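Overview (structure and organization)
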Amino acid sequence: MKESLIQARLEKLKGLREKGIDPYPARFSRSHTIGEVSAHFSFLKEGEQSGEQVTVAGRLVALRRMGRASFLDLRDGSGKIQVHASAGRLGEERYQELCSSDIGDFIGVRGDVFRTKMGELTVEVAEWSLLSKALRPLPEKWHGLKDIELRYRHRSLDLVANQAVREAFVRRSRMVSAMHRFLDARGFLEVETPMMQPIAGGATARPFVTHHNALDIDLYLRVAPELYLKRLVIGGLERVYELGKSFRNEGVSTEHNPEFTILEIYEAYSDYEGMMSLVEELVVTSAQAAVGSTRITYQENEIDLSPPWQRIGLVQAVEEATGLSLDGVTESDIRKQARKKGIELPEFSHGKLIEHLFERFVEPGLIQPTIVKDYPMDISPLAKRKQGTEGLVERFELFIGGVEIANAFTELNDPIDQRARFEDQERLREAGDDEAQRMDEDFLFALEHGMPPTGGIGIGIDRLAMLFTDSPSIRDVILFPTLRAREVRR
């Protein structure tokens, strides 16, 4: 059926070219967007003529023939408008040519603006032009496209079909723009660091590997920009940020996409407490830009983003949720306690066990904005030790809607300690942990020249966009999410 529809459109295309009509002209000059027409002529009353002409263009999304007159709906990026065409005004041939247009074609029209007796703002067509012939029909019931696979794989159709999807990506763009303005106004410098790195550092994650033929070296798509941004702080750029892509060769879920967007911010003479204040302000500012409020609804949960946010200790939160005693105990002790309570635990290190318990018993309940602080050192190789505690570092993660949104440290600036941490990570790699970090001698060389006390934070842009658009999956806020390859059908 679809093949016959495509063939019919190809025949129309051939006919247009035989008549000397270019079905894909290079340009068309509009006087207004459709949204501008709607705003400018909103004063018109039912049955009233404006006496003004406009030239608009858009995709044909509806065609209602009524003999020698027809109504068409055009949509552009700003809205939709009705168009009225008649054989008496256009002449029989041009009218029939217009009516033979297919849903999905782009056309441009010039004509007077009026409001029908039914109250519909309308353009009376005096002239029209075909701007782009669509060879494939829009999906059936395109006005409510539901097929998830089709939506993600063919985002163009999703954007045509679903107004809510278009609005979600507009919100995301507003959010990102607000973040830029916020940081720029506070003296932060936006920078760019390498996407391909000789050592995949800055986060515990499995990297993607590629090969540079000319240099004959393996390179890694970055898992985080952190180590390069801290080199800039060492070099005297005291407030820097980068908003861009990172890549992690890990599983796909509603919260994970192998290619994702992260905002990383570093500020000299700050610490993780300073980052707590900064992220509160930044999230509130971006929420107001995206949704116009600090109150949002995410998956039926009402969330108030107004600061100050709740702050809790990681270890204490896990102890309260599980009834386990974690302070100063070994992995073996933790497993014994858990076994008595019917909790089976994997063979993880001390810090990973606590993190596992947190993710299982605490994280899902963190609906309101919550800062969880003071993490085990063995899972935080880039964070400064917390004074007065054993085995903890000054690190926090931000959770909203039961989802991790940000990760922040008081950055480790002791090069001796940092080298020892890297050595610990290397031992984990040798034991089979392919997410452990590598020794980075170039970073250590820079660090040995001195880095001021520094606070740093990474914010997941995609996950924050999920919150602001009430999207259940990260794929809903990434225009082109990573999908399994399939055979291309023509």
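Structural notes, computed from the coordinates. (Residues numbered from 1 in each chain as written. Predicted model: local features only at pLDDT ≥ 70, side-chain atom pairs only at ≥ 80, totals over all residues. Heavy atoms only, no water.)

1. Let's talk about the pairing of strand β2 (residues 69–76)
Within a regular strand, the side chains alternate between the two sheet faces. So the rule is basically this: Each residue is assigned to one of three classes by its accessible area relative to the maximum for its type, calculated with a 1.4 Å probe on protein chains only: buried under 20%, partly exposed between the two thresholds, exposed over 50%. Numbering of helices and strands starts at the N terminus; helices are DSSP runs of H or I of at least 4 residues and strands are runs of E of at least 2. Pairing between strands is defined by DSSP: at least two bridges between them are needed.
Burial within β2 is extensive, with six of its eight residues counted as buried. Two strands pair when backbone bridges link them, and strand β1 (residues 49–66) and β2 are joined in this way by seven bridges, in the antiparallel orientation. Residue pairing in the sheet places Arg 64 in a bridge with Phe 71 of β2. The turn linking β1 back onto β2 is made up of two residues, and Gly 67 within it adopts a positive phi angle of 75°. Summarising the sheet, β2 and strand β3 (residues 79–86) pair through eight bridges and their orientation is antiparallel. Across the sheet, the residue bridging to Ala 69 is Ser 86, located in β3. The hairpin formed by β2 and β3 contains two residues between the paired strands.

2. Section: the packing of helix α11 (residues 331–340) against helix α12 (residues 350–361)
Threshold: Only the stretch in contact is used when a helix axis is fitted, and all axes are lines through C-alpha atoms; the angle between N-to-C directions ranges over 0 to 180 degrees. Angles are sorted into four bins: roughly parallel if under 35 degrees, roughly antiparallel if over 145, roughly perpendicular if 65 to 115, and oblique for all others. The hand of a helix crossing depends on one turn: near helix anticlockwise from the far one by less than a right angle means left-handed, and clockwise means right-handed. Any two residues whose heavy atoms approach within 4.5 Å at even a single point are treated as in contact. Polarity classes work like this: nonpolar for Ala, Val, Leu, Ile, Met, Phe, Trp, Tyr, Cys and Pro, charged for Asp, Glu, Lys and Arg, and polar for all others, with Gly in that last group.
Where α11 contacts α12, the axes come no closer than 9 Å and their chain directions differ by 30°. Accordingly, the angle class assigned to the pair α11 and α12 is roughly parallel. For the pair α11 and α12, the sense of crossing is left-handed. Here α11 contributes Glu 331, Ile 334 and Arg 335 to the contact with α12, which in turn contributes His 350, Leu 353, Ile 354 and Leu 357. When its residues are assigned to classes, the contact of α11 with α12 shows four nonpolar, one polar and two charged.

3. Focus: the sheet that holds β3
Reading around the barrel, the five strands line up as β1-β2-β3-β5-β4 and close back on themselves, with mixed pairing between neighbours. Each strand of the sheet is rotated relative to its neighbour by a mean of 55°, with strand direction disregarded.

4. Quick look at the pattern of salt bridges
Note the threshold: We define a salt bridge as a side-chain nitrogen of Lys or Arg found within 4 Å of a carboxyl oxygen belonging to Asp or Glu.
Scanning all chains against the criterion turns up 37 salt bridges. Among the salt bridges present, the one from Asp 102 reaches Lys 12, with a minimum N-O distance of 2.8 Å. Here Lys 12 lies in helix α1 (residues 2–18) and Asp 102 lies in the loop between α4 (92–99) and β4 (106–115), a separation of 90 residues in the sequence. For Arg 94, the salt bridge identified is with Glu 97, shortest N-O distance 2.8 Å. One end of the pair is Arg 94 and the other is Glu 97, both in helix α4 and three residues apart, which spans about a single turn.

5. Regarding the packing of helix α7 (residues 163–185) against helix α15 (residues 461–469)
In contact at an axis separation of 10 Å, α7 and α15 are set at 125° when each is read in the N-to-C sense. Taken together, the axes of α7 and α15 are oblique relative to one another. Viewed along their axes, α7 and α15 form a crossing whose handedness is right-handed. Between α7 and α15, the contacting residues are Ala 168, Arg 171, Arg 172, Met 175, Val 176 and Met 179 on the first element and Ile 461, Asp 462, Leu 464, Ala 465, Phe 468 and Thr 469 on the second. Of the residues that constitute the contact of α7 with α15, the class distribution is eight nonpolar, one polar and three charged.

6. Structural notes on the packing of aromatic side chains
Keep this limit in mind: Note on aromatic contacts: the rings of Phe and Tyr and the six-membered ring of Trp form a pair at centre separations within 6.5 Å, being stacked when their planes are under 30 degrees apart, edge-to-face when over 60 apart, and tilted otherwise. Two conditions define a charge sitting above a ring: the NZ of Lys or the CZ of Arg must be within 6 Å of the ring centre, and it must be within 35 degrees of the ring normal.
One pass over the structure, following the stated rule, counts three aromatic pairs. Directly above the ring of Phe 182 sits Arg 186, whose terminal nitrogen or CZ lies 3.6 Å from the centroid.

7. Brief notes about the side chain of Gln 197
Rules: Any N or O atom pair separated by 3.5 Å or less is treated as a polar contact, with the protein-specific requirement of one donor-capable and one acceptor-capable atom, and with residues adjacent in sequence counted only for side-chain atom pairs.
Relative to the elements of secondary structure, Gln 197 occurs in strand β7 (residues 196–197). A polar contact of 3.2 Å, which involves the side chain of Gln 197, links it to the backbone oxygen of Pro 194. Residue contacts for Gln 197: discarding those within four places in its chain leaves Leu 219, Tyr 220, Arg 222, Ala 224 and Tyr 228.

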